[in-house]
Amino acid sequence: IIGCSAEYGGGVYASGKFQMSGQAVIRSCTAEGTSFNCGGGVYVDGSFEMSGEAIIEGCQAISEYAYGGGVFVNSSRSFVMSEKAKIEGCQAISTPSSPSKGGGVHLANNTEFTLSGSAVIQNCTATNSANPGEAYGGGVSAACVKEITLADSARIVGCTAANGSGLYITGSLASPDAYGKLYANGGSVDGDVVLGDKDKNDGPCTITGSGGTVFNGKVTVTPGSTIESGTFNGEVINNGTISGGTFSG
């Protein structure tokens, strides 16, 4: 699926179960319009599974509010990347001053995302043409997310954004114990990670799980957020709680 466009889901709008496997490709597709446009490659309103060597590359969400350059996952839905699946070179570009979120993937509230095997999100960007500070989650952004799982040798690498170039995730103020969980079971994240909202308007997050994930960039723990496990090779700024983990550098 190459060079397609729509307001929602430039390549695919999936309202049921959608699977990409083998050598399936979605390339150079665009979600573009005048206000709120999501999912340059895929808009998920059901469940989405990527496996094999499937790839989403060079897709864009371009709008006043641009969410999910590669993939947008709607509320209470799910997305799984496994084996050698890849999201590469995707962009969320907002104009003029509203936020852009999730160059690779944006997760709406109460969603679940798993990145396992040797799957990778790489070289993705969230940017704002008028206000560079209003860009969140170069690799993955998440608003009131239920849970994200990183496992095996999966990676988020080479992504850029003003806030959380690797990951920018928030939980729920109403149910902080049930939302905002990042299970650090394996793999690695290069680039900055922000847990919880920097302006305290959204809920806190917790890095938990077996601790097998390696974080190679700066990690910011906002008030109410927690690190319970993981290996941290970069700077860690703690305004919340650290109760576990391995820290160096």
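Before reading further, recall that the structure is shown in the block above.
Everything quoted here is computed from the prediction, not taken from an experiment.

Turning to the environment of Ala161, a few remarks are in order. You can see Ala161 is positioned in the loop between strand 24 (155–157) and strand 25 (167–169). Look at Ala161 and you get buried, because its relative accessible area is 18%. Spatially, the C-alpha atom of Ala161 lies 9.3 Å from that of Gly191, the residues being 30 residues apart in sequence. Residues in contact with Ala161, not counting those within four places in the same chain, are Ala126, Ala135, Tyr136, Gly137 and Gly138.

This part is about the packing of aromatic side chains. Each aromatic ring pair is described using two quantities: the centre-to-centre distance and the angle formed by the ring planes. Applying the stated criterion across every chain yields a total of 11 aromatic pairs. A ring pair is formed by Phe48 and Phe79, whose centres lie 4.8 Å apart and whose planes are at 5°; its orientation type is stacked. On the criterion of sequence distance, the pair formed by Phe48 in strand 8 (residues 47–50) and Phe79 in strand 13 (residues 78–81) is long-range, its members being 31 residues apart. The exposure class of Phe48 is buried, given its relative accessible area of 1%. A network of ring pairs unites the aromatic residues Tyr8, Tyr13, Tyr43 and Phe72 as a single cluster.

Our next topic: a nonpolar patch on the surface. On the surface, Tyr8, Tyr13 and Phe36 cluster together into a nonpolar patch covering about 280 Å² of accessible area. Looking at the secondary structure, you find Tyr8 in the loop between strand 1 (5–6) and strand 2 (12–14). On the accessibility criterion, Tyr8 (34% relative accessible area) is partly exposed.

Let us now look at the pairing of strand 23 (residues 147–150). Taken together, the 4 bridges between strand 18 (residues 112–115) and strand 23 define a ladder with parallel strand orientation. The partner of Glu112 across the bridge, within strand 23, is Glu147. Note: strand 23 against strand 26 (residues 181–184), 4 bridges, orientation parallel. Within strand 26, the position partnered with Leu150 by the bridge is Ala184.

Bringing the sheet that holds strand 9 (residues 55–57) into the picture now. As a general point, the strands of a sheet are linked pairwise by backbone hydrogen bonds and lie either parallel or antiparallel. Pairing is parallel in the open sheet, where 9 strands are placed in the order 4-9-14-19-24-27-30-33-36. Each edge of the open sheet is held by one strand with a lone partner, namely strand 4 (25–27) and strand 36 (246–247). When strand 33 (residues 231–232) meets strand 36, the two strands line up parallel, connected through 2 bridges. Within the sheet, the bridge partner assigned to Phe232 lies in strand 36 and is Phe247.

By the bridge criterion, 3 bridges tie strand 5 (residues 30–32) to strand 10 (residues 60–63) in an arrangement that is parallel. Bridged to Ala31 within strand 10 is Ala61. Both strand 10 and strand 15 (residues 91–94) contribute to a ladder of 4 bridges, which runs parallel. Residue Gln60 lies in a different strand from strand 15, and its bridge partner there is Gln91.

Cut-offs applied
- Residues numbered from 1 in each chain as written.
- Predicted model: local features only at pLDDT ≥ 70, side-chain atom pairs only at ≥ 80, totals over all residues.
- Heavy atoms only, no water.
- Helix = DSSP H or I, 4+ residues; strand = E, 2+ residues; numbered from the N terminus.
- Buried < 20%, exposed > 50% of the residue type's maximum accessible area, 1.4 Å probe, protein only.
- Contact = heavy atoms within 4.5 Å.
- Phe/Tyr/Trp six-rings, centres within 6.5 Å; stacked < 30°, edge-to-face > 60°.
- Patch = residues over 30% accessible without salt bridge, like charges linked within 9 Å, V, L, I, M, F, W, Y side chains within 5 Å.
- Areas by Shrake-Rupley, 256 points an atom, 1.4 Å probe, with all protein chains shown as cover.
- Salt bridge = Lys/Arg side-chain N within 4 Å of Asp/Glu carboxyl O.
- Pairing = 2+ DSSP bridges.

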